[in-house]
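Analysis of the macromolecular model
These are the residues of each chain, in order.
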Amino acid sequence: MHNDDLIGLYEIAQIANVSPAAVGNWRKRYSNFPVPIKQLQSGPVFQRRQVLNWLRSKEVPMAKLIALFNNKGGVGKTTTIWNLATSLAEKDKKVLAIDFDPQCNLSIAALGNEGFSSFLESSKELPYGKTIRSFALPYIQQSAPGVPYIDKPKVAPAKGKLDIVPGDFWLNNFSDILNVGTDVIGGAGLYRFLMPSSLVDAIEKEYQTLYDFVLIDLPPSFNTLVRAALYSSDYFLVPCTADLFSAYCVGLIGQVLPRFIEDWEQGKTRFLQSNSYDQILPKKGQPKFGGWIFNGFDTRKKAGSSEIEKTGADRAQFEKVQASIEDQLIPKLNGIKPYKAVPEFVGKIPVANIEDLNVMAPDSIVQNVPIKYLHQHRPTRDIGRGTWSQDQKNLMRKMDEEYDKLADFIITHF
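Residues numbered from 1 in each chain as written. Predicted model: local features only at pLDDT ≥ 70, side-chain atom pairs only at ≥ 80, totals over all residues. Heavy atoms only, no water.

1. Examining helix H7 (residues 133-141)
Of all nine residues that make up H7, seven are buried, and the element is covered over most of its length. For H7, the set of buried residues is Ser 134, Phe 135, Ala 136, Leu 137, Pro 138, Tyr 139 and Ile 140. Where H7 is buried, its residues meet helix H3 (48-57), helix H8 (171-177) and helix H10 (195-206). Positive backbone phi, at 55°, marks Gln 142, one or two positions downstream of H7. (Buried < 20%, exposed > 50% of the residue type's maximum accessible area, 1.4 Å probe, protein only. Helix = DSSP H or I, 4+ residues; strand = E, 2+ residues; numbered from the N terminus. Contact = heavy atoms within 4.5 Å.)

In C-alpha cells:
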C-alpha cells in the first residue's frame, strides 16, 4: 500500500469540508466508521478508499458516477455528456467529465484541438503527458502512484464547477492490458477494473474537491473499458437514435450486462474469501439503469395544429426502441439477482428527447461551445451565413431546456 493511500483526520476534514472535531465525533457516533490502519504519534491514519466510500454512504454528499453507454456508435454519447455536464454545473453542481473513449471526442470538443494536443505531449518530467494515461498506466502497473490531471473546458459554465479528465488514444492499449478471465472472474485483479473509481478518488484528493456527479464517456463497444466504467459506476444512461440498429443494440445490452455482473460476482466471491475485511468491493459492480435518451430525431407540426410530433420514420424507430427497452432490456436487467438493477423511477419512457440539431451540433464541437451558449457565438464560416436564424436559436433554446430537464431528473433521482 502506497503512503498516498493513507489519510489522517485533518485530511478527512478537508475533503468533507468539516472541522477535525466533527470527524472525531463521527468516529464516536458511527460504529461503521472505518477502522484506522495504524496509529501514529500524530494520530490515527485510515485507508483513503474506505473513508471516501464511507462518506459516500452517509449524509455527506459524494459523487455519483454515471456512465453513458451504448455498444452502437453515433448515438450522441459525447454530445450528451458535454451538454448534460454543462447543465448540471449551471445548477451549481460540481461535475467531473472523464473521457474514457480512445477516440477522445469529448476532450477535443471541450478542450479544443490545441488544448487537447498539449495534454498529449510527453517529456522527461511528464513521461505520460497530462491525460488519463498519467494516472492509469502507473495504477495498472502498480509501479508508483498515478498522477491525475484535469482541465477546464474552453467555455466554462458561469456557475458550479466543471472539470475534464483528458482522454488518450493509448486507452486502446489499456483495454488490452485488462484481462476478464484473470482479473475479474479469477478475482485477482478486480481493483484493476476499478481504475475509473480510483481516478475519481485521486482527483478529489489532489484537487481537494468533492464532486456531485462524475460523467464517463465510453467507446461504442462491450470491451474491458466499458466493463471497468460500469463496474465503477452507480448508474448508466443509454443514448439511442432513430435508426435500424438501435433497437437491436438495446436488446444486446440486456443480454451482455447480466453476464458482466455474473463475472464480477464470481471474482468478488473469490477475492473476499481471503480479503473479508475489504469495505469497497462489496459496493462495486452494481450499475443501475438510469434511463434512455432519444437523440437526433426530426419533428414536424401536426396537420391543422401547432403541436409538434416526431416525423413518421423517426416515430416508427422510436416505437421499436421503446419496445426493446420494455420487452428486452428491462426484463433482462430485472433478472440480475445480486442487486436491483432497474430503479422504480425508470421505465420505457425516455428521460430526455434531443432533436436533430443539424449544422448546430458539429458547429458546437468546432467552436468548443456547448449548446447552452452557442447562440451567443456567430456560426463558423462553413455554415454559410453570419448569424444564426431565429428558428435555429429557438431549437438551441428548446434543446438546452431538455438537457436542463435531464439534469433535474438526475439531481432528483440519482
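2. A look at the sheet that holds strand S3 (residues 43-47)
Sheet architecture is open: three strands sit in the order S1-S3-S2, paired in antiparallel fashion. Bordering the open sheet on either side are strand S1 (6-8) and strand S2 (38-40), each of which pairs with just one other strand. With direction set aside, neighbouring strand axes in the sheet form an average angle of 35°. Bridge analysis of S2 against S3 gives three bridges, and the strand direction is antiparallel. Note that in S3 the partner of Leu 40 across the bridge is Gly 43. Together, S1 and S3 form the strand contacts of helix H1 (residues 9-16), whose direction differs from that of S1 by roughly 85°. (Pairing = 2+ DSSP bridges. Axes fitted to C-alpha atoms, helices over the stretch in contact; angles between N-to-C directions.)

3. Thoughts on the sheet that holds strand S7 (residues 213-217)
A sheet is described by the order of its strands in space; here seven strands give the open sequence S6-S5-S7-S4-S8-S9-S12, paired in parallel fashion. Among the strands making up the open sheet, the edge pair consists of strand S6 (161-165) and strand S12 (352-355). In this sheet, neighbouring strand axes are inclined to one another by 20° on average, regardless of whether the strands run parallel or antiparallel. The pairing of strand S5 (residues 94-99) with S7 spans five bridges and is classified as parallel. Considered in S7, the bridge of Val 95 is made with Phe 213. The sheet strands contacting H10 are strand S4 (64-68), S5, S6 and S7, and the helix crosses S5 at an angle near 135°.

4. Let's talk about the packing of H3 against H10
Packing of H3 against H10 brings their axes to within 11 Å, and their N-to-C directions diverge by 90°. It follows from the interaxial angle that H3 and H10 lie roughly perpendicular. Contacts between H3 and H10 involve Arg 48, Arg 49, Leu 52 and Arg 56 on the former and, on the latter, Ser 198, Val 200, Asp 201, Ala 202, Glu 204 and Lys 205. Residues belonging to the contact of H3 with H10 are distributed by class as follows: three nonpolar, one polar and six charged. (Parallel < 35°, antiparallel > 145°, perpendicular 65-115°, else oblique. Nonpolar A, V, L, I, M, F, W, Y, C, P; charged D, E, K, R; others polar.)

5. Some remarks on the packing of aromatic side chains
According to the stated counting rule, one finds 24 aromatic pairs in the structure shown. Residues Tyr 231 and Trp 264 carry aromatic rings whose centres are separated by 4.6 Å and whose planes lie at 35° to one another, so their mutual orientation is tilted. Of this pair, Tyr 231 sits in helix H11 (residues 224-232) while Trp 264 sits in helix H12 (residues 246-274); the two residues are 33 residues apart in sequence, bridging distant segments of the chain. Connected via pairs of aromatic rings, a cluster forms that spans Trp 26, Tyr 30, Phe 33, Phe 46 and Trp 54. The positively charged end of Lys 288 is found above the aromatic ring belonging to Tyr 235, 4.8 Å away from the centroid. Directly above the aromatic system of Phe 318 lies the positively charged group of Lys 310, at a separation of 4.3 Å from the ring centroid. (Phe/Tyr/Trp six-rings, centres within 6.5 Å; stacked < 30°, edge-to-face > 60°. Lys NZ or Arg CZ within 6 Å of the ring centre and 35° of its normal.)

6. Topic: the pattern of salt bridges
Going through the model one piece at a time under the given rule, you end up with 14 salt bridges. Two residues, Lys 72 and Asp 243, come together in a salt bridge whose shortest N-O distance is 3.2 Å. Taken together, the residues span a long stretch of sequence, with Lys 72 in the loop between S4 and helix H4 (77-90) and Asp 243 in the loop between strand S8 (235-241) and H12 at a distance of 171 residues. This pair shows no difference in class: Lys 72 is buried, exactly as Asp 243 is. (Salt bridge = Lys/Arg side-chain N within 4 Å of Asp/Glu carboxyl O.)

Remember, this is a structural readout, not a statement about activity or role.
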